[in-house]
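# Topology and contacts: notes
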Amino acid sequence: MKAWDVIVIGAGAAGLMCAAEAGKRGRRVLLLDHGKRIGRKILMSGGGRCNFTNYFIEPGAFLCENPHFVKSALARYTQWDFIALVEKHGIAYHEKTLGQLFCDDSAQNIVDMLVKECDDAGVTIRLRSNIDSVASLGEGFAVTTDNDQYSCQSLVVASGGLSMPKIGASAFGYKLAEQFGLKVLPTRAGLVPFTLQPEDKATLEPLAGVSLPVVAESEDGTRFAENLLFTHRGVSGPSVLQISSYWQAGEQVHFELLPAGRLTQGIADSPNQELKTWLSRHLPKRLVDTLLEREKITNKPLKQYVPKEVAAIEQLLAAWPLKPGGTEGYRTAEVTLGGVDTDELSSKTMMAKKVPNLYFIGEVVDVSGWLGGYNFQWAWSAGWCAGQVV
Ligand code: FDA
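Residues numbered from 1 in each chain as written. Predicted model: local features only at pLDDT ≥ 70, side-chain atom pairs only at ≥ 80, totals over all residues. Heavy atoms only, no water.

Counting its secondary structure elements, the protein contains 13 helices and 21 strands. Projected onto its principal axes, the C-alpha positions of the protein cover 85 × 40 × 35 Å. Here the protein holds 390 residues, and the buried ones make up 54% of them. Of the contacts formed within the protein by residues at least 6 apart in sequence, a portion of 72% connects residues at least 24 apart. Element-wise, carbon and sulfur atoms account for 51% of the exposed surface of the protein, whose accessible area totals about 16,400 Å². The averaged location of the 42 negative side-chain charges in the protein is 3 Å from the averaged location of its 39 positive side-chain charges. (Helix = DSSP H or I, 4+ residues; strand = E, 2+ residues; numbered from the N terminus. Buried < 20%, exposed > 50% of the residue type's maximum accessible area, 1.4 Å probe, protein only. Contact = heavy atoms within 4.5 Å. Areas by Shrake-Rupley, 256 points an atom, 1.4 Å probe, with all protein chains shown as cover. Lys, Arg positive; Asp, Glu negative; His and termini not counted. Charge placed at Lys NZ, Arg CZ, Asp CG, Glu CD.)

Our focus in this paragraph is the pattern of salt bridges. Under the defined criterion, the tally for this structure stands at 18 salt bridges. Ionic pairing is found between Glu117 and Lys24, a salt bridge with its closest N-O pair at 2.9 Å. One end of the pair, Glu117, is in helix α5 (residues 108–120); the other, Lys24, is in helix α1 (residues 13–24), with 93 residues separating them in the sequence. For Glu117, a relative accessible area of 7% corresponds to the buried category. For Arg233, the salt bridge is made with Glu328, and the minimal N-O distance between the two is 2.9 Å. Highlighted residues: Arg233 in the loop between β14 (223–230) and β15 (234–236) and Glu328 in the loop between β18 (326–327) and β19 (335–340), separated in sequence by 95 residues. Sharing partners across several salt bridges, the network here consists of Glu21, Lys24, Lys88 and Glu117. (Salt bridge = Lys/Arg side-chain N within 4 Å of Asp/Glu carboxyl O.)

This part takes up the site of the ligand. Near the ligand you find 30 residues, and of these Ala14, Asp33, Ser170, Glu363 and Phe376 are the closest. The contact in question runs from an oxygen atom of the ligand to an N or O atom on the side chain of Lys41, over 3.5 Å. For the ligand, a nitrogen atom lies 2.7 Å from a polar atom in the side chain of Ser170. Notes on the ligand: free accessible area 990 Å², of which the protein chains cover 94%. Mapped onto the shell around the ligand, the elements with two or more residues apiece are α1, α2 (40–44) and α13 (374–387). Broken down by element, the residue count for the shell around the ligand peaks at four residues, all from α13. Residue composition of the shell around the ligand, grouped by class: twelve nonpolar, 13 polar and five charged. (Near = heavy atom within 4 Å. Polar contact = N/O pair within 3.5 Å; in protein donor to acceptor, adjacent residues only side chain to side chain. Nonpolar A, V, L, I, M, F, W, Y, C, P; charged D, E, K, R; others polar.)

This part takes up the sheet that holds strand β3 (residues 51–54). Strand order across the open sheet formed by three strands is β3-β6-β5, with antiparallel pairing between neighbours. Because the sheet does not close on itself, it has two edges, and the strands there are β3 and β5 (93–95). Strand-to-strand twist across the sheet, computed as the mean angle between neighbouring axes with direction ignored, equals 30 degrees. Of the strands in this sheet, β3, β5 and β6 (100–103) touch helix α4 (residues 79–88), which is tilted by about 135 degrees from β3. (Pairing = 2+ DSSP bridges. Axes fitted to C-alpha atoms, helices over the stretch in contact; angles between N-to-C directions.)

Okay, the UniProt feature "domain: RsdA/BaiN/AoA(So)-like insert" (unreviewed entry) in the protein next. Here, the residues flagged by UniProt with the feature "domain: RsdA/BaiN/AoA(So)-like insert" (unreviewed entry) are residues 188–335. In this annotation, residues 188–335 is assigned 34% helix and 22% strand; the end-to-end C-alpha distance for the span is 9 Å. (UniProt positions renumbered as here; feature names shortened; annotations may be inferred.)

Relative to the helices and strands, Gly373 is located in the loop between β21 (368–369) and α13. Between the alpha carbons of Gly373 and Leu279 there is a distance of 35 Å; along the sequence they are 94 residues apart. The residues contacting Gly373, other than those within four sequence positions of it, are Asn51, Phe52, Thr53, Asn54 and Ile57.

Bringing the packing of helix α9 (residues 262–269) against helix α12 (residues 307–318) into the picture now. Relative to each other, α9 and α12 sit at 130 degrees, their axes nearing to 8 Å. Of the possible angle classes, the one that applies to α9 and α12 is oblique. Here Arg262, Leu263, Thr264 and Ile267 of α9 come into contact with α12, specifically with Val310, Ile313 and Glu314. The residue makeup of the contact of α9 with α12, split by class, is four nonpolar, one polar and two charged. (Parallel < 35°, antiparallel > 145°, perpendicular 65-115°, else oblique.)

In this section: the domain arrangement of the protein. Considered domain by domain, the protein is made up of domain 1 (2–188 + 333–387) and domain 2 (194–327). If you average the C-alpha positions of domain 1 and of domain 2, the two centres end up 39 Å apart. Each partner contributes residues to the interface: domain 1 has six residues there, and domain 2 has ten residues. For the pairing of domain 1 and domain 2, the buried interface totals around 730 Å² over both sides, and the portion due to carbon and sulfur atoms is 52%. By the criterion of area lost to domain 2, the three top residues of domain 1 are Arg188, Trp370 and Leu371, representing 60% of everything that side buries. Where domain 1 packs against domain 2, one counts zero salt bridges. Applying the counting rule to domain 1 against domain 2 returns four residue pairs in polar contact (both at pLDDT 80 or more). Counted by class, the side of domain 1 that touches domain 2 contains five nonpolar, no polar and one charged residues. (Domains from an automatic or database assignment. Buried area = accessible area lost by both parts, 1.4 Å probe.)

This part covers the nonpolar core. In this structure, Ile110, Trp378 and Trp380 are the most contacted members of the largest nonpolar core, which totals 87 residues. Element by element, the count of residues in this core is highest for α13, at nine residues. One finds Leu196, Val214, Val240 and Leu302 within the second-largest nonpolar core, a separate group that totals 41 residues. (Core = buried A, V, L, I, M, F, W, Y, C linked by side-chain atoms within 4.5 Å.)

Laid out in structure tokens, this is it:
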């Protein structure tokens, strides 16, 4: 059995960061992954340009049963630390919107950077390694793969969540946590498009391609002001992906298409204009046609609407209700909500409280961020913290 100080399972964002940091401390580190390539999710992220962090990282942008859990790691390894690393490697980047930082060139830059950090720190990376079993050795762990057997003092699980099974996502980390008696919270797809109920699909499918700025609101009152996109399968766009993480099956989502009071103002400003013409000045015309037809609203000059009708239309525009049929699921989800219960882990080191020297980092943990670079920052921060102590 070959002996290592540290074995990290999962050569994704969190695993690469942790391995490099542990290697820098002189630890002999083996990084294992069952895939053929390093950092596959990084490569496909941000439309191939990797939205690697966000200027506005703050604990409130993360979903977790214990909202305080993320504070320590995010404060110890911040977005500014990761930006400094990116700059040290001469990678050009830009802010796209809302503090979201992307590579100018390609996500490959970020993978190359992390691989260089690992190489410089003497980390050994073995791909195509399927883990057959993990066993406790009292002081450390034995890891058996389909082609070798290893022992290690510290074991780090960085195998990610369930989203995108096509590129190697697996339930490995959850099963391992359970094997060691740790609680795993139920998982579901997050940052994911909604599908529609059959009756909505019939009326809304022709809107595929229509996009507009909205404020999406979930039943718990969480709101995101971003774009809504109608697709052939349902609704998507950043506002939908964001709100999907706060949505539970059976609930409604409301979209503010126009702020309350806008129609009343329109009636005062342009009383002779027809509703359809007025609405088409503010919203995509195809959406206006569909809305009036769906809601059976008669088109007439604005001044002819009685107060009750005005109130109903104002309400519809300020909070258009939609009850999704479901989500597109892990096939297209950017993250997995739920996972290893943070009550089981030290928020400073990510070590399991009940199992010395066993660590969980990144998406496998019950921590999910907003869209916009938050999830990678969690992976970097958690990976860095574990890397200081493993
Ligand atoms: P990650 O999934 O990166 O890595 C896990 C690794 O473990 C993989 O290499 C996998 O092969 C390996 N593994 C799994 N099971 C294994 C097993 N049984 N044995 C061995 N190895 C195993 N976030 C963000 O902040 N900005 C963005 O732009 C995007 N964009 C984006 C696009 C798309 C399409 C997706 C799906 C996701 C994003 N994300 C994102 C989310 C982000 O990719 C995600 O949060 C991080 O990659 C999580 O990092 P981890 O290291 O925890 O898991």
